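# Examination of the molecular architecture
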Amino acid sequence: MTSIASKVVNDLEKSGYRACITSVDRLCDLEAEYLSYTQRAVWKNSPHLRQHQFQFQPPPTLKNARSIITVAAPVAPVKLCFEYQGHYYPVDAPPLSTDFECDLDIVIGIIKKVISVTGYRLVEANVPTKLIASHAGLLENGLNNMGYITGLGSFLRLTAFFSDMPPCETMWGDHQICPTCRDCGACVEICPTDCLQP
């Protein structure tokens, strides 16, 4: 890693966050991969999935962006209980609350404190964060479509930023199901609707 990028990642981690920094040169491949997913029947039939509209290029305000900073923030689970065929199923679910806005302000402050010293800038990025985090090795994918990060589990929110800071030499692997998860099958066995397939 370059020293600035390394400091960004380390300072975020000291505050309880996890991050990866990748090159904007990955955006073309990410767009092609994302578009291939949108052609699947399951995608076309899902109003939730179809609503995603990402931008695969830096904004006009930072055309010379060189890196994408993807950050995972821990979130506290919310207790839910579902009833299905007379049985109750307790679930810990990640909240979609305004708490994340506070984290976002903290994350931006940490990053800007490091990069502004050298004149680098930062803008929010509307990119497929889970896909980037998976390829960069920040998270592992579960069979249940959840992302898992060591020390955070699946209770996390992802956000991303463009910066003109030089990127890290981050690994770039396949976006795939974690082998440990693939061999476990616990979520498949307990799923009351049989919607998960091994």
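Higher on the page you've got the structure.
The paragraphs below set out a description of the structure included in this document. (Residues numbered from 1 in each chain as written. Predicted model: local features only at pLDDT ≥ 70, side-chain atom pairs only at ≥ 80, totals over all residues. Heavy atoms only, no water.)

## Some details on the pairing of strand E3 (residues 78–84)
With 7 bridges joining them, E3 and strand E4 (residues 87–93) adopt antiparallel strand pairing. Residue Phe82 lies in a different strand from E4, and its bridge partner there is Tyr89. Following E3, the chain reverses through 2 residues before pairing antiparallel with E4; Gln85 in that reversal takes a positive phi of roughly 50°. (Pairing = 2+ DSSP bridges. Helix = DSSP H or I, 4+ residues; strand = E, 2+ residues; numbered from the N terminus.)

## Concerning helix H2 (residues 27–38)
For H2, with 12 residues, the first-to-last C-alpha span of 16 Å sits near the 16 Å given by 1.5 Å per residue. Taken together, the buried positions of H2 are Leu27, Leu30, Glu33, Tyr34, Tyr37 and Thr38. The arc that holds the buried residues of H2, viewed along the axis, is 145°, so those residues lie on one side. Of the exposed residues in H2, those oriented more than 90 degrees away from the buried face are Cys28 and Asp29. Buried residues along H2 sit against helix H3 (41–44), strand E2 (67–74), helix H6 (129–135) and strand E8 (156–163). (Expected span 1.5 Å × (residues − 1). Buried < 20%, exposed > 50% of the residue type's maximum accessible area, 1.4 Å probe, protein only. Arc of directions from axis to C-beta. Contact = heavy atoms within 4.5 Å.)

## Description of the pairing of E2
Along a regular strand, successive side chains alternate from one face of the sheet to the other. Judged by how many residues are buried, E2 sits mostly within the fold: 7 of 8 residues are covered. As judged from the 6 bridges shared by strand E1 (residues 18–23) and E2, these two strands associate in the antiparallel manner. When the bridges of E2 are listed, Arg18 appears paired with Ala72. Pairing between E2 and E8: 8 bridges, direction antiparallel. When the bridges of E8 are listed, Pro74 appears paired with Leu156.

No statement about biological role is implied by the geometric values presented.
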